[in-house]
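The chain contents come next:
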Amino acid sequence: MTLALEALTLSHFRSHRLARLTFGQRVITIHGPNGAGKTNLLEAVSLLSPGRGLRGAAAEDLMRRPERLGWKIRAQLQAPAAEHLVETWAEPGSGRQVAIDEKPATQVMLGRLVRVLWLVPAMDRLWTESAEGRRRFLDRITLSFFPDHAEAALSYDKAMRERNRLLRDQVADARWYGALEEQMAQAGASLMQHRRDALARLEAAQAGAETAFPAALLRIEGAEPFPETADAMAASFAEGRRRDMAAGRSLTGPHRVDLGAIYAAKDMPAASCSTGEQKALLISLILANARALKQETGAAPVLLLDEIAAHLDAARRSALYAEILGLGAQAFLTGTGAELFAELEGQAQSFEVTEAGGSSTVTERTMP
């Protein structure tokens, strides 16, 4: 079974006024100077999945400036069962819209059609930044296995915002809280089960692989034992109302957990590892995620690896390329120079991105 992006057109997206690309290889390398618009191409591909893409940007922020006419992405996708035309766009003052085969669609439907994984330089700080970033990372992994995870997250967040409003307003009537806490508990139990199942899949994918990248032991952490069932979670929310009212917000719940990681071979917390080791752990998890998805769905996901050669020596870079090719995944790799991808000659398609006058140009090149 195959999964591949065959053609991509961008209109007024970030620095790209108009870009048309066709892909004939499973691995695509994109090189050019910093600020030329390489990551913008990857961001466009990331928006073929649910959510705000690899930068987490609002739809309004994706519009090319100064025109701000709105933006559009059009993609020809070879999915396991059939070919599809996927379009997503936003007009000024409106949110992102999606169409699949010229019919209105939801972002959740995108998640069922194509799985997209990414690794970007901002994630290099994952193990040392706040818990919020690690939760987002965990939820992106989880979403790749469970497309309806996004709906559970939205339901939980909506109910929690309403509960927080009551807490800030010092509303004491328990009847106002009951329905909201029940909604939070039902969605929250689903979120936590999805997260646990996703980590189990990653653990199995790491254990069963021969790889040059280190394994990570992952666990969901919290400040206190966390209820697993919806009934127990609802009871926990009810018991914590007085404390939450004093704080003006919900202090416990799935929105407060953290992702812990241990470098297995050294029995060392990821936060204590070197920069290179932290990068290698991230790459290991992305590859494990891809292997698990391929085993489960029969098709490897699309991989977006931005400035992937950073912090990798030649041996580990070569090992990464070998693993990508072995997966059979369509992978988009960016870097500042074409020489970073010399080992992929004959096995990859190369594009150069340049920028002039605030506009990016994409040109296909011969591999060095």
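Residues numbered from 1 in each chain as written. Predicted model: local features only at pLDDT ≥ 70, side-chain atom pairs only at ≥ 80, totals over all residues. Heavy atoms only, no water.

The name recorded for the chain in an unreviewed UniProt entry is DNA replication and repair protein RecF, from Halodurantibacterium flavum. Listed in UniProt under the heading Subcellular location (unreviewed entry), the comment for the chain reads: "Cytoplasm". Here the chain is described in UniProt, under the heading Function (unreviewed entry), as follows: "The RecF protein is involved in DNA metabolism; it is required for DNA replication and normal SOS inducibility. RecF binds preferentially to single-stranded, linear DNA. It also seems to bind ATP." (UniProt positions renumbered as here; feature names shortened; annotations may be inferred.)

**Observations concerning the UniProt feature "binding site: ATP" (unreviewed entry) in the chain**
UniProt feature "binding site: ATP" (unreviewed entry): in the numbering of this structure it lies at Gly32, Pro33, Asn34, Gly35, Ala36, Gly37, Lys38 and Thr39. Here glycine 32 is to be found in the loop between strand 3 (27-31) and helix 1 (38-46). Excluding residues that lie within four positions of it along the chain, glycine 32 makes contacts with Lys38, Gly335, Thr336 and Val353. Inspection of the secondary structure puts glycine 37 in the loop between strand 3 and helix 1. Using a relative accessible area of 8% as the deciding quantity, one classes glycine 37 as buried. In contact with glycine 37, other than residues within four places in its own chain, are Ser15, His16, Val353 and Ser360. (Helix = DSSP H or I, 4+ residues; strand = E, 2+ residues; numbered from the N terminus. Contact = heavy atoms within 4.5 Å. Buried < 20%, exposed > 50% of the residue type's maximum accessible area, 1.4 Å probe, protein only.)

**Concerning the sheet that holds strand 11 (residues 268-269)**
Across the sheet, three strands lie side by side as 9-10-11; this open sheet has antiparallel pairing. Each edge of the open sheet carries a strand with a single partner, namely strand 9 (216-221) and strand 11. (Pairing = 2+ DSSP bridges.)

**A few points about the environment of glycine 248**
With respect to the secondary-structure elements, glycine 248 resides in the loop between helix 7 (241-247) and strand 10 (258-263). With 84 residues separating them in the primary sequence, glycine 248 and asparagine 164 have C-alpha atoms 6.5 Å apart.

**So, the sheet that holds strand 14 (residues 348-356)**
If you trace the six strands from one edge of the open sheet to the other, you get 8-12-13-3-14-15, paired in mixed fashion. Only two strands of the sheet have a single partner each, and these edge strands are strand 8 (116-119) and strand 15 (359-365). On average, each strand axis in the sheet is inclined to that of its neighbour by 20 degrees, with strand direction left out of account. Relative to strand 14, strand 3 runs parallel, the two sharing five bridges. Across the sheet, the residue bridging to isoleucine 28 is glutamine 349, located in strand 14. In this fold helix 8 (residues 275-297) packs onto strand 8 and strand 12 (302-305), with an angle of close to 170 degrees to the strand it touches most, strand 8. (Axes fitted to C-alpha atoms, helices over the stretch in contact; angles between N-to-C directions.)

**Re the pattern of salt bridges**
Evaluation of the coordinates by the stated rule reveals 24 salt bridges. The salt bridge involving arginine 14 is made with glutamate 43; its shortest N-O contact spans 2.9 Å. Taken together, the residues span a long stretch of sequence, with arginine 14 in the loop between strand 1 (4-13) and strand 2 (16-22) and glutamate 43 in helix 1 at a distance of 29 residues. Classification of arginine 14 by relative accessible area gives partly exposed; the value is 21%. Given the relative accessible area of 0%, glutamate 43 is considered buried. Among the salt bridges present, the one from arginine 201 reaches glutamate 296, with a minimum N-O distance of 2.6 Å. Highlighted residues: arginine 201 in helix 5 (residues 174-207) and glutamate 296 in helix 8, separated in sequence by 95 residues. Each of Arg163, Glu181, Arg241 and Asp244 takes part in one network of salt bridges that share partners. (Salt bridge = Lys/Arg side-chain N within 4 Å of Asp/Glu carboxyl O.)

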